[in-house]
Amino acid sequence: MLTSDRTRLAPAVPGTVEGEIERPAWFWLMLWCLFVLGVQPWSSRVAAPQGTTGSTNSIAKGVLLGAVFLIALAATKPGFRTRVNPASWLYVMYVLFACATAFLLAQPMGPLTRLARFLIGLVFVFLLWRPLVQVPERLVRAHLWAHLLLAATVVLSLAYAPSQAWRPLSSLGTGSRLQGVIIPMLPPRVGEVGAILLGLALIGLLCRKLSALPAVALIGLGGVLIAASRTRTSAAAVAFGLVLALIITRKTWAGRIMSLAAPGLLGLAFLTIGSLHTWLLRGQGTKQISSLSGRTTSWQAVIDEKVSTQTAIIGHGLGNKRVLLTRGEGDVDVMAIDNSWLGLYWETGLLAVAIVAVALIVAWISVLRAPTPYIRACGALLLGYVTVASLNESGLSDLSSMTVHLLVAAAICDADRLRQRRRALATH
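Residues numbered from 1 in each chain as written. Predicted model: local features only at pLDDT ≥ 70, side-chain atom pairs only at ≥ 80, totals over all residues. Heavy atoms only, no water.

## Considerations on the confidence of the model for the protein
Now for step 1: Residues at a pLDDT of 70 or more form 80% of the protein, whose mean pLDDT is 83.
Now for step 2: The lowest-confidence element of the protein is strand 1 (residues 3–4), averaging 42 in pLDDT; the highest-confidence one is helix 18 (residues 373–389), averaging 96.
Now for step 3: Note that residues 49–56 has pLDDT below 50 and, in this model, 19 contacts with residues that lie over four places away or in other chains.
Now for step 4: The low-confidence segment residues 328–332, where pLDDT is below 50, has five contacts with residues more than four positions distant or belonging to other chains. (pLDDT = per-residue confidence, 0-100. Helix = DSSP H or I, 4+ residues; strand = E, 2+ residues; numbered from the N terminus. Contact = heavy atoms within 4.5 Å.)

Quick look at the structure:
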């Protein structure tokens, strides 16, 4: 039975975890790495030509997520304690709301299956409160290790199948983009892995949580993945997150203003240095750049679509991430929405958009109130990334890597505040 951890907390005995079967640290680290692996979009489009569509391998991901959840449940004693932060509570509300509205759809089983997977993921995070989340540095370390392992699979893909590891850009521009083959990941996911790896390693180095040599190696690996995947969204999102992390951890206004100089110099470099400018454009023309590689076409279709009041409130059903476009007489195309907020509206309606938006705001409040600079910086990095990437990628309506970043940021900052409260009570 779950019991709230908002009441009195007894200090934990060093080397043990209260309320849990004693397990080594690597056991929980391994579970978290497998969980993060299970929420990645294993895309079947990796082996397909550029421009074709494909579905994710949901069966394999479901089996992996179920196995990880059952292992965590078996390693947890009955009557364990947990803590659910406000942002996670709101996501529980979102899942329950989406479940209720799914029964109003003509085919509810697809959305209900995805929501069951989502709920299992939320409960899994609650199960890890004692061994992993209660000390927020542990969860940050586990998240860093998980992305290092994902990055390793991408690097190994170059040796395993070099011809498949590079995806041509014939339909969007010139050149190729790095993708994962061992774990099927399209270039945007490779860029995301590199961005989170780079960001967490850089913060760890600045806050002296990582020694110089491994930190520089991780930063270099993350930068290479971003550059080789040619993912502009990930580059912009991690830059935004790092700037916010610097601003909110500086103690003086002068330090905060100086933190703004870094992105300004970086932007100037992209405009003036030829190789960086070429990387940014990816061989695309003005029309493709202004339409964000065609994304605005599907966005406008979502906005212009005339729907009933019921559909506006409950959406078209979870999993409907694409819109059907008619171009001319008999010319039909299917395009991904690639915007988390429009995707939320399209899949689960306006009320779901409001719930997730409040969850993001509450998570930001938790980040700003975190007392430890290192935890506050990590939370700002993750939420900054989610805030920017959500405008150009889908994910917040489902158990995705983007949603996990949000949940991690909210969990570590909430646990940091609780730890400070516990220490204050111990001194009195």
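Moving on from the coordinates now.
## So, the packing of helix 3 (residues 86–102) against helix 19 (residues 401–427)
Think of two packed helices as two axes; the pair is described by the angle between the axes and how far apart they sit.
Now for step 1: Between helix 3 and helix 19, the shortest axis-to-axis distance is 8 Å and the interhelical angle comes to 140°. Here helix 3 is positioned oblique relative to helix 19, judged by the angle of their axes. Of the residues in helix 19, those touching helix 3 at Pro86, Ala87, Ser88 and Tyr91 are Thr403, Leu406, Leu407, Ala410 and Asp414. (Axes fitted to C-alpha atoms, helices over the stretch in contact; angles between N-to-C directions. Parallel < 35°, antiparallel > 145°, perpendicular 65-115°, else oblique.)

## Quick word on helix 4 (residues 109–127)
Now for step 1: With 19 residues, helix 4 ought to run about 27 Å at 1.5 Å a step, and its terminal C-alpha atoms sit 27 Å apart, in line with that.
Now for step 2: What helix 4 keeps buried is the set Pro111, Leu112, Leu115, Arg117, Phe118, Gly121, Leu122, Phe124, Val125, Phe126 and Leu127. (Expected span 1.5 Å × (residues − 1). Buried < 20%, exposed > 50% of the residue type's maximum accessible area, 1.4 Å probe, protein only.)

## With respect to unusual backbone geometry
Now for step 1: A positive phi angle, near 60°, is found at Arg208, a position not held by glycine.
Now for step 2: When you line up the elements, Arg208 lands in the loop between helix 8 (187–206) and helix 9 (212–229).
Now for step 3: With relative accessibility at 77%, the residue Arg208 sits in the exposed group.
Now for step 4: Notably, Asp338 is not glycine yet its phi reads approximately 50°, a positive angle.
Now for step 5: Here Asp338 lies in the loop between strand 6 (332–336) and helix 17 (340–368).

## Section: the packing of aromatic side chains
Now for step 1: Evaluation of the coordinates by the stated rule reveals eight aromatic pairs.
Now for step 2: A ring pair is formed by Tyr91 and Tyr94, whose centres lie 6.0 Å apart and whose planes are at 85°; its orientation type is edge-to-face. With Tyr91 and Tyr94 both in helix 3 and three residues apart, this pair spans about one turn of that helix. As far as the burial class goes, Tyr91 and Tyr94 line up, both buried.
Now for step 3: Each member of the aromatic cluster is reached from another via a ring pair, and the members are Trp26, Phe27 and Trp28. (Phe/Tyr/Trp six-rings, centres within 6.5 Å; stacked < 30°, edge-to-face > 60°.)

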